[in-house]
Structure formats: C-alpha cells, structure tokens
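Each chain is listed here by its residues.
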Amino acid sequence: MDESKHLVEVKNLWKVFGIDNLTGCSFTSEDVRMIEEKKGIIAVRDVSFRIKRGEVFVVMGLSGSGKSTLARCLLRLIEPNHGEIMFDGLDITKMKKQELIEFRRHKVAMVFQHYGLLPHRTVLENVAFGLKLRGVKKNKREAIAREVIARVGLTGWESRYPHNLSGGMQQRVGIARALAQDADLLIMDEPYSGLDPLIRREMQDELIRLQKEFKKTVLFVTHDLNEAVRLGDCMAVMRAGKIVQIGSPEDVIARPANEYVQRFVGDHNRMQELSAGASKIASA
Amino acid sequence: MFPESMEYHISSHIDAFIAWLNVAGEAQFAAISKGLLSMILTVYNLLVFIPWWIWIVLVALIYWYCRRKLVSSIILALLLMSAGIFGYWSAAMETLAVVIVAVLLAVLLGIPLGILMSQKDKVEVVLTPLLDAMQTLPSFVYLIPVLMLFGLGKVPAVLATFIYALPPVVRLTNLGIRQVSDNLVEVGEAFGANRWQLMKEILLPLSVPSILAGINQTTMMALAMVIVCSMIGAGGVGYDVLIAINRLEVGKGFEAGFVVVALAIIIDRLTQGIAQRWQNPGMAKE
C-alpha cells in the first residue's frame, strides 16, 4: 500500500484576521512585521504538524490561542492565507469549490463546542443530516442514524427535538452526527467545554471507548490539559497562534518546552497529587 | 408670484408616453388583465359558493385549532357574522377576493425577492430604499400608475394592492434569513452543504416564523389598500365606505367601517394563529 503513515500534514499554515488582500503574501519576516504594524491579528502563525492515522491528536491552548481557527482551517470554514494542508495526499488549500464540498461531505466530520444541532429537526434527522447532504436515501440514512444513536446510548430519543435534551445528551447527538459520516477524520472543537465536570468525564470515557471500537483519526481541540492527557496520543500546545510544543502527553508533562507549558503542567500535577492523596485517604 | 416664463410641464410628455405604452403594450396589458380578472372571479366564486354559516363555523374552528381559546373563537365568528348582519356579506367577499389574489401575488414574488436580498448584499442595498419608498408613499399615489395602464376596475385594484403590500414580506424574509445564527450556517458548511442545501435545510426552515410574520403584515396592508382602491373601482366594502363619505351618511359609514375592522381583526388573528401553529415543532413551547 502506498498509504503513508500520516493522514494529515499541515505545513507552514498562516491565518491573519483584520487585513484583506494578503493573496500572494509569502509571510517573510518583513511581511509579518508589516502585518503587525497594520494591527492585523495573526491567529495561526506558521503552524506545521502531522496527524497519524488512527491517533487522537490534541490541540491544546487557552482561548484566543488560535486552536479553533486552526481546526476550521482544515475544513476551510476559515480560509487560511498561506500554507499547505495535505489530506491523504491531496492539498485542501488548492481544492475548487465543488471538490471542497465533496471533501467535507465524505472525508471529515466535525463536532462543535455549542453542539450546532438543528432546532427544527429531530434527533434522528439531526444525526442523519450529513448523510442527507450526501444524497443518501431516506431509509438508508435513517437506518444508519439509528445504529449510531444506539452506539452513543440515545435509543428511544430519536423523535425528540434538541431542546428536550440536556447538554450532555445534545453533544452525544452532535457526536453521533459526526460518527454517522464514517469519515476519515473527526474534528472535535472543544466538544466538552460546555458540560459540567462529571458529565465531561463520562463523555471522555465514552470517547475512549468509541475510539477503541472505531479507531478513528481525531483532531481534538481543548483548553484542558487533563482532557488532553486522557485522550491524546499526541498533543500540540498553542500560544498566540504558534505551536510551542508538540509531542506525546507524557513528553509534554515530563519536559515542558517553556515556562508557558510549565504553568499548565504545574496545574495538572497539583491536580494529580490532590486526587492521588484523596484516593489514598479513601482506601485507607 | 412665480414667473410664468419659468414654468415647465412634463405632464404632456407623460401623457404621450402612457398613450404610446397603451398602444404598444395593449396585448400584454389585456392578457394580464384577463388573467387577473379570472383569478379574482374564481376566488370570489369560491368564497360565495360556500354558504355563509360554513365560513363562520370554519373561522371559529380554525382559530380554536390554532390557539385553543374559546371566547376569542366565538368573538371572531361573531365579527364575521356582523358583515352579513349589516348587509355587507357579498361586498365583504368581494373585498376578500381582491385581498387574497393580491397577497398571493405578493407572497409569490416577495419570498424569492427576500431570499435573493438576503444572499446578495448588493440587492439589499438597491432594494432597501425602494422598499422604504414603497412603504412611505401615500397609498393612493399607487393608484395613479396602475390607473394609467389598466383603467378602472378590480384589476388595477389588485395591482395597486399588490405593490403596496409587497414590502413587509420581502423585508421579513430577508431579515429572517439573515438572523439565522452563524453557528448553524457553519454546521451546514462543515457537513458539505451547497448553497441550495444550506437554504433548504437550514436558512429557510429557521426563518419560517419571520416569513409568516411578513405574510401577516402583508395581508393587513393589503386589506387597508383595498379599501382605498374603492376609489378606482375595487368595489367591496370600501365602495360603501366611499359612498357613505360622499353622502355624509354617518350611520352607514359606521356599519361599513365596522365590517372593515371586523375583517381586519379576523384576518390578523387567523394568520397569526396559523403562523404559531405552523412554527417549527422543535421551537414550540409545549
């Protein structure tokens, strides 16, 4: 097989907000200085990374670090200004409109922070939404949707509307909708940030379970290091549009690249000690 | 006094233009006239073909089905009955026929126009002042151009009413579509919706409440205009109002005026009720 080990390869990606007409700009250090002088906001700054097939790749950073923008650039929901995004050997940045639509329909699926469920559609219709856009016949897409709904534990809720569901259940629908696509890459943009801690943990466990079952390639965006460590096979830490460290979670914790990452890790370690202490007390 | 030598009239040119247009477009105008007239007649015949008491029961039932309010349903039925009691039943049906045809045309043109306006900012920039002008012009100004081209009768009345009633449905369709949250549009795009799918699956269904509000407004404006159109031969209840004014018959004027108000209330409540009932089940309160 000539399939490479990596599903996604991003090279030197740039995205600037607030300045129009950057086509052809090659982002030399002089260009960057010019952009900063004009008060352009560089949301993604010379980002490069690779995602292996079947791994969960976590992008971690605080809000405003450009992680959501980066995730959207992969689908060109936000158009990057410069750089290359290779997906299975195809450059997404060079796709034409129709190719891009086909790519979004078949190759990727996204889970959103605010669930993004259609309020006028039932749970079943929401889960089947992507398949409908592909043109899958009603019987078939609903059969697939029912199957996926069962997988995320929402059987019996098919004909309800999103506003009848709790936040956690709504996000299950969002995940089911993405899984129904059976896409190569799953992009999850802070899917659990809006949920309370207990539900969040439950949902993380569920994702780990689903991941064992489906072996998807996932790009997972979060601001929570604990979540990153639990879920990620590999993680990238972002700050002000730049990736400051990339590696396995163990690596990042053991060897923080700079003081910024160190601050995250310190927090994480304190949490670990506390919970370890607590479980010792509990078992004593 | 203003010097007479500085006076200049364009009226003769306009007269000449209209005379030319009338000759040049005779066939087209005749065809439009004929089509509209047969539409109006069909609607009118349907309205009077169904016995009066069925209409009254129907109005009460529809409102009951939509809102579950017994007293209001009965009041609406009584209001409709007042048209018959005051002797204006067939006049009221005549008025309604013109309103229905005009609203139908306004909705058929207005919704696509509103959709176009929401998708192209340039169209919005051009249409907004036009719609503003249409809404601020005194209503009987509309009578002049249609009168010039179509003479007197129900056809020019429908056309004037149609133009006057068009803006709300266009505006509220545009507004409804533009109000749909960017998050949901992004969801559609992320899953590979093309323009048409985005419209059909997300934008239009989510703007239904706004569009229905637009249709309600359009209907109300149409009813107001039809009364004014009695001046160019629309007939109906407006004609009786006009006669009462001319003859200074206060009592008759009150009766006819009351029927107009009754029709307005019935149409308003029914369209609102239907709109609420029709709203997306996912957004209903129950």
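Above this text you will find the structure in question.
Predicted model, so just to flag it, every value in this text is computed and none were measured. (Residues numbered from 1 in each chain as written. Chains lettered and ligands numbered in written order. Predicted model: local features only at pLDDT ≥ 70, side-chain atom pairs only at ≥ 80, totals over all residues. Heavy atoms only, no water.)

**Student:** Teacher, can you tell me more about the nonpolar core here?
**Tutor:** One recurring pattern in soluble globular proteins: nonpolar side chains tend to sit buried together. Ranked by internal contacts, the top residues of the largest apolar core, which has 166 residues, are A:M188, A:L219 and A:F220. No other element matches helix α5 (residues 89-119) of chain B, which puts 16 residues into this core. Those residues in contact with A:M188, other than ones at most four positions away along the chain, are A:V111, A:I175, A:L207, A:V218, A:L219, A:F220 and A:V221. (Core = buried A, V, L, I, M, F, W, Y, C linked by side-chain atoms within 4.5 Å. Buried < 20%, exposed > 50% of the residue type's maximum accessible area, 1.4 Å probe, protein only. Helix = DSSP H or I, 4+ residues; strand = E, 2+ residues; numbered from the N terminus. Contact = heavy atoms within 4.5 Å.)

**Student:** Teacher, can you tell me more about the sheet that holds strand β10 (residues 242-247) of chain A here?
**Tutor:** Paired through backbone hydrogen bonds, the strands of a sheet run either parallel or antiparallel to each other. Residue and element names in this part refer to chain A. An order of β6-β7-β8-β3-β9-β10 is seen for the 6 strands of this open sheet, with the pairing classed as mixed. The open sheet terminates on both sides in strands that have one partner only, identified here as β6 (108-111) and β10. Within this sheet the neighbouring strands show an average axis-to-axis angle of 15°, counted without direction. Examined bridge by bridge, strand β3 (residues 56-60) and strand β8 (residues 217-222) share 5 bridges and lie parallel to one another. Bridge assignment links V56 to a residue of β8, and that residue is V218. With respect to the sheet, helix α7 (residues 167-180) is in contact with β6 and β7 (185-189), its orientation differing from that of β6 by roughly 175°. This element, helix α11 (residues 259-283), spans β3, β9 (234-239) and β10 of the sheet and lies at about 120° to β9. (Pairing = 2+ DSSP bridges. Axes fitted to C-alpha atoms, helices over the stretch in contact; angles between N-to-C directions.)

**Student:** For this particular structure, what's the right way to read helix α8 (residues 197-214) of chain A?
**Tutor:** Given 3.6 residues per turn, any residue in an α-helix points the same way as the ones three and four places further on. For α8(A), with 18 residues, the first-to-last C-alpha span of 25 Å sits near the 26 Å given by 1.5 Å per residue. Contacts made by the buried residues of α8(A) are with β3, α6 (138-151), α7, β7, β8 and α9 (225-231) of chain A. (Expected span 1.5 Å × (residues − 1).)

**Student:** Sorry if this is basic, but what is going on with the packing of α5(B) against helix α12 (residues 237-247) of chain B here?
**Tutor:** When two helices pack together, their arrangement is given by the angle between their axes and by how far apart the axes lie. All names here are of chain B. Running from amino to carboxyl end, α5 crosses α12 at an angle of 115°, the nearest separation of the two axes being 7 Å. Counting all contacts with α5, which are made through A91, A92 and T95, the residues of α12 involved are V237, G238 and D240. Residues belonging to the contact of α5 with α12 are distributed by class as follows: 3 nonpolar, 2 polar and 1 charged. (Nonpolar A, V, L, I, M, F, W, Y, C, P; charged D, E, K, R; others polar.)

**Student:** Help me understand the pairing of β6(A), please; the structure alone is not making it clear to me.
**Tutor:** Note on strand geometry: in a regular strand, side chains alternate between the two faces of the sheet. Residues and elements named next belong to chain A. Across the two faces of β6 the burial is the same, with V108 and M110 and A109 and V111 all buried. Here β6 pairs with β7 via 4 bridges, running parallel. The residue of β7 that forms the bridge with V111 is M188.

**Student:** Help me out: how do you make sense of the pattern of salt bridges in this one?
**Tutor:** Here the idea is simple: oppositely charged side chains can pair when their charged atoms come close. Residues and elements named next belong to chain A. Counted under the stated rule, the structure contains 29 salt bridges over all chains. Residue R72 pairs with D189 through a salt bridge whose shortest N-O separation is 2.7 Å. Taken together, the positions of R72 in helix α2 (residues 67-75) and D189 in strand β7 put the pair 117 residues apart, joining distant regions of the chain. A relative accessible area of 12% means that R72 is categorised as buried. For D224, the salt bridge goes to R200, with nearest N and O atoms at 3.6 Å. Taken together, the residues span a long stretch of sequence, with D224 in the loop between β8 and α9 and R200 in helix α8 at a distance of 24 residues. On the basis of relative accessible area, D224 is assigned to the buried category, the value being 16%. (Salt bridge = Lys/Arg side-chain N within 4 Å of Asp/Glu carboxyl O.)

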